[in-house]
Amino acid sequence: TGSIEKGQEVTLDATKTYILTGKIVVKDGGVLTIPAGTVIEGTKGTASYIAVSQGGKINVNGTAAKPVIMTSGLAKKAAGDWGGLVICGKATINRDNGKTATATSEVAELTYGGTTDNDNSGSITFLRIEYAGAAYNSEKEFNGISFFGVGSGTKVENVQAIQGADDGFEFFGGTVNTSNMISIGTEDDQFDWTEGWRGTNTNWYGRLDFGKGNR
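This one's a predicted model, so the numbers in the text were calculated from it and none came from an experiment. Along each chain, the written sequence defines residue order, and numbers are assigned to residues from 1. For this predicted model, a pLDDT threshold of at least 70 governs which residues receive local features, and a threshold of 80 or more governs which side-chain atom pairs are given and counted, while totals over whole chains, interfaces and linings are taken from all residues. No hydrogens and no water enter the side-chain calculation; it runs on all heavy atoms of the structure.

1. Things to note about the overall build of the chain
Part 1 of the reasoning: Looking only at helices and strands, the chain features 0 helices and 21 strands.
Part 2 of the reasoning: Its C-alpha atoms give the chain principal-axis dimensions of about 45 × 45 × 30 Å.
Part 3 of the reasoning: Buried residues in the chain amount to 52% of all 215 residues.
Part 4 of the reasoning: Counted as positive: Lys and Arg. Counted as negative: Asp and Glu, with His and the chain ends omitted from the count. A charge is said to be at NZ when it belongs to Lys, at CZ for Arg, at CG for Asp and at CD for Glu. Where the 19 positive side-chain charges of the chain centre and where its 24 negative ones centre are 5 Å apart. Numbered from the N terminus, helices here are DSSP runs of H or I no shorter than four residues, and strands are runs of E no shorter than two. Working definition: with a 1.4 Å probe on protein chains only, accessible area under 20% of the residue-type maximum means buried, over 50% means exposed, and in between means partly exposed.

See below:
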C-alpha cells in the first residue's frame, strides 16, 4: 500500500508475491513497472486496488509464457476480493453533453479527462485480472480495469478479466485502443463504455456464466 510520487520509478520483483492490503496510487510523474511473471494478491476488498493518476504511468510487461497475474489473496477466492485496476488519463470525455472537460472518477476519486487524446498512461501486455470489482450502486463500481479518459498513446493488449464482481472492462470516454481482450464470468457486463469512448478494438471475446445475470 502507498503511493509512487513524481520522479519515482518503482519496479517490482517477479520472484516475489506481493500482497495488496490497501490502495497503491501512481501519482503524476510516477512510474510503476511490473515485470513478466509477477503475482499480486489483493486481500481487503475494495480497499485494495491499484490506481494510476493523470500523468502517472503503469507498465505491465507480461508475456504469453509469463503473464502478470493480479488475483485474490484469500484462501477461498470469490468475485470482489479486491478492487481492480483504475487508470485515469487526459483524453477527451463527453460528459454533461460535452460541457465538462474533466471529471472525478467514480472510484479512487481521481481527476480524468481533458484535451490530450494521444495521452500515454503506459503499456499493459499479457495481464490476467481475477476476482476483482464491486458494485456499490449504479453510479459507483469497481471493474477488472476501469479506463477513465485514457489516451491513445497507452498500449493495451492481451488482457484477461476473470470472475469479477462487476464489469470486466469499462471505458469512461477517452481514445485508448485495445486488442486481444478476454472477459469471462463477470457479474455484470463483460465490456462496457460510456462518456464517448472513441478508441478501436480488435479481437474481443466475452463468455457468460449463466445464472449470474451478466451480459
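2. Here we look at the nonpolar core
Part 1 of the reasoning: Among buried residues, those of type Ala, Val, Leu, Ile, Met, Phe, Trp, Tyr and Cys that are joined through side-chain atoms within 4.5 Å constitute a nonpolar core. One finds Ile58 and Leu127 to be the most contacted residues of the largest nonpolar core, which totals 33 residues.
Part 2 of the reasoning: Contact between two residues is taken to exist if any of their heavy atoms lie within 4.5 Å; hydrogens are not considered. If near-sequence neighbours (up to four positions away) are discounted, Ile58 is found in contact with Leu32, Ile34, Ile50, Val52, Leu85, Ile87, Ser121, Gly122, Ser123 and Ile124.

3. Some points on unusual backbone geometry
Trans peptide bonds make up the majority, and among non-glycine residues the majority have a negative phi.
Part 1 of the reasoning: Backbone geometry at Phe126 places phi at a positive 50°, although glycine is not the residue there.
Part 2 of the reasoning: Examined against the element boundaries, Phe126 turns out to sit in strand β13 (residues 122-130).
Part 3 of the reasoning: Even without a glycine there, the phi angle at Tyr131 is positive, about 60°.
Part 4 of the reasoning: Of note, Tyr131 is situated in the loop between β13 and β14 (134-137).

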